[in-house]
Every structure is written in structure tokens, then in C-alpha cells.
Amino acid sequence: MSQFVEQIRQVCALGAMQTVLAIPRAVPILHAGPGCGQKLWSALGEYHGYQGSGYTGGHSIPCTNSGEKEVIFGGDERLREVTANTLRVIDGDLYVILTGCTADIVGDDVGEVARRFQEQGKPVVYAETGGFKGTNFYGHERVLEAIIDQYLKPVAAAASASAVEPGLVNVWSVVPYQDAFWTGNLQAIGQLLQSIGLTPNIIFGPGGGVDALRRVPKAQFNLLLSPWVGLQTVHHLEQSFGTPYFHYPIFPIGPTETGRFLRQLADYAGIAGERVEAVIAEQEAHYYYYIERSADFLFESRSGLPGRFVTIADSFYALGITRFLIQDLGMLPEVQFITDDTPPEHQQAINGYFENIAEGVRPPVVFANDGGEVREALRAIRFRERPLILGSTWDRVSARELKGYSLSVSLPISERLVLSRAYAGYDGALRLTEDIYSVILSDYQ
């Protein structure tokens, strides 16, 4: 029997063009059929928080628009022509050729085309991201692998001083554009590192770019804040440059998880415990000032508030939000849906992260990237009170059927404009609390 997936929560591997666009002054060049780039940009950039097209995104992305001629006779010459013209008319620091399904199926020698430009001293790399190979999570890691192998290794080899900079930490976490809040979250994570004396090196978003890329081989260590996306990247960096990595699989939201993250990070980095405890105390005082000020509403006006919450999101957000709502806001979980098509080898570990969040509280976890499957599972649950559903715009329909409250936090988000909003750390937890209770209060207006 044939199967199909409703309401997908990711796009194909070519969606990694948005990873390139997240690096300031990096230019994607698509070797793909007409329409691929526009559809992917619409899904990740336009109708997902209205993140926009940026410097060379949207309709400005160079593309070979491969057709029948390129399928029959090969598309190498067309790619060579488009790449040369792109270098001529678009001012950039790094150019990344990304292949679509057609180029990968007919077997165009894209690597040879890229190498010809590299031999001329041009900053051109390539990544094979045919859509049939996986999701944009897969494509994201292929792009980073290509940059490491084809751009960073030559740069590091040519550098006269490539010694490790103590305290410099490469930050790898959310997938840009897949997470609509990626710029704010990365900046918040960077501020947490700075607060305990580390120097964050973030290649994506404001302040990033090629200069940050060039510093990657000099880092004291790599920080991976993600359950599983990014593991291949930090492993590859360890093999390429001998840089160790610290893996914290849970997105830190709220005082409990953020404090735990900072203590473990500081211990790994060899930072004195007294300094970290002082930072945590200061940040918690700031956080609890606002929570205590609202305590009469949060804890005394419970009639009409959600009885249980459900997350329908990537493992990154499902874990972080679930732990925050249980540990710090005292909410009770119902089933948690993880929609990032988690590879089977990582599912057991992610299940483990949902255990022991609080005594006697262990939310059931379902791995499902099919919106139809999620919808049917929700209909089968008998909620005694109105549930809080933290999912996507698509899940607002289920929330209405269940008379629940809905807040969109995962792809697609088409009813919110996202600029610099962040949910990471202490301030991020305050923003998430504001958003949740604003949804609830607006229901009574």
C-alpha cells in the first residue's frame, strides 16, 4: 500500500540553501530544476515567521534552472556558466553550489566544476543535496561538511598562526530558518557563554560570516546544543582539526535547565565554580523578579488555565519546552510528538531525556512526522480540561477541535512575524511564558 505524509514539518535536503543564506555574505548557487528554490524559500523563509529573503535569498538565488537539455547532455557547462556569472555580478565572500535531484541523478561532475574555480583562488565549494537524499537536516550537515573540507582546511593549512585560542567556543545548535527563532536563540546562547567568561564564535546571523568561519579551527572546543542534529558536524571537526566537543542535548529554557547547562559547560571548560554560581544567582534573581510579580495571576487564577500541554515539534523544542513547563512552570504533560524524522539510532537517547524530569512525571513520547497521524492521535485522547498545544500553524486546527489553546513554535508558523525573539535561557523563558499566557488571556477577551 502506498503511503503519504500530511503536513510535513521539514523540506528536502536542498533546503540547506537557507543554511548558506544564514552565513552573512555567503551565496548559494542552485544546480537544480526551475521552481525548487522558490518553493523551498517559501516554506522556510516566507511562510515560516516571515523571515524574508535577505541579501541573496528568495528570487535572487542564482540557479541553473536545469531542464531537458541538461538531463540529456549533462549540466556541467551550464553550471560553470552560472557560477562564473554569479561571481561576476554578486559580491560575496563564499559561494556554495548546491545540487538538486536532477543533477545528482544524471551524475553531473559538480565537484570538478567547483575545483576549477578553487584552482583560480575563488571561494567556491559544493555540496550534494539532492532532495531524495534526506531532509534539510541532512542537507544542513552536508553544507557544513563541504565548508569544513573545501574551505576551512585550505584556510587553516595556509594560516601562519592556527594555534588554539583559549576560551573560544564554536556554537552549533539550531538549524537556521528551520527554527524561526534562530537568530535570537543563537544570540541568547552567545550571551550565556559570555556571562561565564567564554568567547562564542557563531557563524550564522548578525556578527557571523566568513571571519567567524575562519576562526572555527582555532576554537578551544565546539559546543553542540541539540539532541542529534549537528553531531556529524562536531565529529567531523574533531577529525579535521582535533577540536574536542561538548554535547548538551537539551535546549536550555528557564532557570532549572539553564543553570544545569551553565554548570556542566563551565565544568567542561575548566571555569571556576564560584564565578558560574554568581552568574546563575544574578540571572535567577532577574528571572524570579518577574515571575514573583505575576505570581498572583500564575498561581491563583488557575480556573480556565490549561490542564495538560502537548508539544508537536522538533526534538530540539519538544525537549526544551517540555522540561521548562514541568520544571519551572509546574504544568503537567500529555503526549509529546517529535516531528523531525529522528533517525532510529537517536530515538532511545531522546526518550531517555524525557525521563526523570520530575518525580512521578514521565510524558509519553511519539516520533511522528506525519501531521495526519498526530491529528488522529490527538482526537483519541480524552482531555478533561482545555489543553495547551505548542505546535505549528497546522496544529491550530486540532487545537480548535479540542477547544484548546494554541501557540505556534515549530514549522510552519504563518500567523506570527518573527524578528529577534528568542526562547533560550532566562529571558527566553520569560518570553515563552508571556506568549503562552497571552494566548490564554486573549481567549477571554
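As annotated in an unreviewed UniProt entry, the chain carries the name Hydrogenase and is attributed to Heliomicrobium gestii.

Q: Looking at this structure, I do not really get the overall build of the chain. What am I missing?
A: Helices and strands together make up the secondary structure of the chain, namely 18 helices and twelve strands. Computed over C-alpha atoms, the radius of gyration of the chain comes to 23 Å, within 12% of the 22 Å expected from 2.2 N^0.38 for 445 residues, which places it in the range of a compact globule. If one aligns the C-alpha atoms of the chain with their principal axes, the spans along those axes are about 70 × 55 × 40 Å. Taking all 445 residues of the chain together, 56% fall into the buried category. Look at the contacts in the chain between residues 6 or more apart in sequence, and 73% of them connect residues 24 or more apart.

Q: In this structure, what is going on with helix 16 (residues 371-379)? I would like to understand it.
A: Quick reminder: α-helices carry 3.6 residues per turn. Residues three or four places apart thus point the same way. The complete set of buried residues in helix 16 reads Gly-371, Gly-372, Val-374, Arg-375 and Leu-378. For helix 16, the angular spread of buried residues about the axis comes to 160 degrees, placing them on one side. Of the surrounding elements, those touching the buried residues of helix 16 are strand 8 (308-313), strand 9 (332-338), strand 11 (388-391) and helix 17 (395-401). Where helix 16 starts, the residue carrying a side-chain oxygen 2.8 Å from the main-chain nitrogen of Gly-372 turns out to be Asp-370.

Q: What should I look at first to understand the sheet that holds strand 2 (residues 94-99) in this one?
A: Hydrogen bonds between backbone atoms are what pair the strands of a sheet, whose relative direction is either parallel or antiparallel. In space, the three strands of this open sheet follow the order 1-2-3, with parallel pairing throughout. A strand with exactly one partner marks an edge of an open sheet, and here the two such strands are strand 1 (26-31) and strand 3 (124-127). Neighbouring strand axes in the sheet, compared pairwise and without regard to direction, differ in orientation by 25 degrees on average. Across four bridges, the pairing between strand 2 and strand 3 is parallel. Bridge assignment links Ile-97 to a residue of strand 3, and that residue is Tyr-126. Strands in contact with helix 4 (residues 76-89) are strand 1, strand 2 and strand 3; relative to strand 1, the strand with the most contacts, it is inclined by about 160 degrees.

Q: What's the story with the domain arrangement of the chain in this structure? I'm lost.
A: For interface size, the figure often reported is the accessible area lost on association. Domain annotation of the chain identifies domain 1 (13-152), domain 2 (160-251) and domain 3 (294-443). Centre-to-centre separation of domain 2 and domain 3, based on C-alpha positions: 27 Å. Taken together, the contact between domain 2 and domain 3 spans 20 residues of the former and 28 residues of the latter. Between domain 2 and domain 3 the total buried area reaches about 1900 Å² when both faces are included, carbon and sulfur atoms providing 73% of it. It is Phe-181, Trp-228 and Phe-251 in domain 2 that bury the most area against domain 3; as a group they hold 40% of the surface buried on that side. Linking domain 2 to domain 3 there are zero salt bridges. The tally of links from domain 2 across to domain 3 stands at eight residue pairs in polar contact (both at pLDDT 80 or more).

Q: What is the right way to read the pattern of salt bridges from this model?
A: Side chains that differ in charge, positive against negative, can pair when their charged atoms come close. Taken as a whole and assessed by the stated rule, the structure comprises 26 salt bridges. With its nearest N and O atoms 2.9 Å apart, the salt bridge here joins Asp-443 to Arg-386. With Asp-443 in the segment after helix 18 (425-442) and Arg-386 in the loop between helix 16 and strand 11, this residue pair connects regions lying 57 residues apart in the sequence. Residue Asp-443 is classed as partly exposed on the basis of its relative accessible area, which comes to 40%. Its salt-bridge partner being Arg-421, residue Asp-435 comes within 2.8 Å of it at the nearest N-O pair. Highlighted residues: Asp-435 in helix 18 and Arg-421 in the loop between strand 12 (405-408) and helix 18, separated in sequence by 14 residues. Within the structure, one salt-bridge network assembled from shared partners comprises Arg-416, Arg-421, Arg-431, Glu-434 and Asp-435.

Q: Quick question: what am I supposed to make of the sheet that holds strand 4 (residues 165-172) here?
A: Here we have four strands laid out as an open sheet, ordered 5-4-6-7, and parallel in their pairing. Unpaired on one side and paired on the other, strand 5 (199-201) and strand 7 (245-248) mark the two borders of the sheet. Sheet twist, expressed as the average angle between the axes of neighbouring strands with direction ignored, equals 30 degrees. Relative to strand 5, strand 4 runs parallel, the two sharing three bridges.

Q: Whenever I open this one, the packing of helix 14 (residues 315-327) against helix 18 confuses me. Can you help?
A: A pair of packed helices is captured by two measures, namely the crossing angle of their axes and the spacing between those axes. Taken N-terminus to C-terminus, the directions of helix 14 and helix 18 make an angle of 80 degrees; their axes are 12 Å apart at the nearest point. If you check the angle between helix 14 and helix 18, you find them roughly perpendicular. Contacts between helix 14 and helix 18 involve Ile-321, Phe-324 and Leu-325 from the first element and Ala-429, Leu-432, Thr-433 and Ile-436 from the second. In terms of residue class, the contact of helix 14 with helix 18 is built from six nonpolar, one polar and no charged.

Q: Explain the environment of Gly-330 to me, please; I cannot follow it from the model alone.
A: Take Gly-330: it is sitting in the loop between helix 14 and strand 9. A relative accessible area of 48% means that Gly-330 is categorised as partly exposed.

Q: So what exactly am I meant to see when it comes to the nonpolar core here?
A: Nonpolar side chains in soluble globular proteins tend to be buried together. Among the nonpolar cores identified, the biggest contains 117 residues, and Phe-261 and Ile-436 are the most heavily contacted of them. By residue number, the principal contributor to this core is helix 7 (residues 136-158), which donates nine residues. Among residues more than four places away in sequence, those in contact with Phe-261 are Leu-192, Leu-193, Leu-223, Leu-225, Phe-246, Tyr-248 and Pro-252. Residues Val-27, Val-82, Ile-97 and Val-113 belong to the second largest nonpolar core, which totals 13 residues.

Conventions used here
Residues numbered from 1 in each chain as written. Predicted model: local features only at pLDDT ≥ 70, side-chain atom pairs only at ≥ 80, totals over all residues. Heavy atoms only, no water. Helix = DSSP H or I, 4+ residues; strand = E, 2+ residues; numbered from the N terminus. Rg over C-alpha atoms; globule rule 2.2 N^0.38 Å. Buried < 20%, exposed > 50% of the residue type's maximum accessible area, 1.4 Å probe, protein only. Contact = heavy atoms within 4.5 Å. Arc of directions from axis to C-beta. Polar contact = N/O pair within 3.5 Å; in protein donor to acceptor, adjacent residues only side chain to side chain. Pairing = 2+ DSSP bridges. Axes fitted to C-alpha atoms, helices over the stretch in contact; angles between N-to-C directions. Domains from an automatic or database assignment. Buried area = accessible area lost by both parts, 1.4 Å probe. Salt bridge = Lys/Arg side-chain N within 4 Å of Asp/Glu carboxyl O. Parallel < 35°, antiparallel > 145°, perpendicular 65-115°, else oblique. Nonpolar A, V, L, I, M, F, W, Y, C, P; charged D, E, K, R; others polar. Core = buried A, V, L, I, M, F, W, Y, C linked by side-chain atoms within 4.5 Å.

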